[in-house]
Amino acid sequence: MTVKFNHTIIHAKDQVASARFLAELLGLPEPTRFGHFHVVKLTDGASLDYMTTQDAISAQHYAFLVTEEVFDSLIAKIRDRKIQHWADPFGRQENQINTHDGGRGVYFQDPSGHYMEAITVPYGGW
């Protein structure tokens, strides 16, 4: 039996702005509208379905395994736009990246305060 992740709903103060922010930084296609959602399609077929809410948002963590080329582009955009970023999930190593497991990683927040992470090698190196 095969089990694959398909989608998740992400609450946002502005679903269009949050979806576009992430898609543009990661070099993904322009988000599309589906029902109540603004959808960011990932290259593995899964999607992040952004939904606007007026309720308080509880920040979540989303980690993306990216290629070296995507990481290069991402970190250049983050630095060019002066987006706050960290090498660690606690925000202690500001404006840095990490090199865990022989790869590179960075943490940053989306417009609604969710913690995004991009890594080039899975944790544990596998």
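Residues numbered from 1 in each chain as written. Predicted model: local features only at pLDDT ≥ 70, side-chain atom pairs only at ≥ 80, totals over all residues. Heavy atoms only, no water.

Student: Looking at this structure, I do not really get the sheet that holds strand β7 (residues 105-109). What am I missing?
Tutor: For sheets, the rule is that strands pair by backbone hydrogen bonds, running either parallel or antiparallel. If you walk across this open sheet you meet the four strands as β5-β8-β7-β6, and the pairing is mixed. Single-partner strands in this sheet number two, and they are β5 (61-65) and β6 (85-86). In terms of strand pairing, β7 meets strand β8 (residues 115-119) through five bridges, oriented antiparallel. Across the sheet, the residue bridging to valine 106 is alanine 118, located in β8. The sheet strands contacting helix α1 (residues 15-26) are β5, β7 and β8, and the helix crosses β7 at an angle near 160 degrees. Set on the sheet, helix α2 (residues 68-80) makes contact with β6, β7 and β8; between it and β7 the angle comes to about 45 degrees. (Pairing = 2+ DSSP bridges. Helix = DSSP H or I, 4+ residues; strand = E, 2+ residues; numbered from the N terminus. Contact = heavy atoms within 4.5 Å. Axes fitted to C-alpha atoms, helices over the stretch in contact; angles between N-to-C directions.)

Student: I tried to follow the pattern of salt bridges on my own but got confused; where do I start?
Tutor: Across all of its chains, the model carries five salt bridges by this definition. Residue glutamate 24 pairs with arginine 81 through a salt bridge whose shortest N-O separation is 2.5 Å. Of the two residues, glutamate 24 is situated in helix α1 and arginine 81 in the loop between α2 and β6; the sequence distance between them amounts to 57 residues. By relative accessible area, which is 33% here, glutamate 24 ends up partly exposed. The shortest N-O distance in the salt bridge between arginine 104 and aspartate 72 comes to 2.6 Å. (Salt bridge = Lys/Arg side-chain N within 4 Å of Asp/Glu carboxyl O. Buried < 20%, exposed > 50% of the residue type's maximum accessible area, 1.4 Å probe, protein only.)

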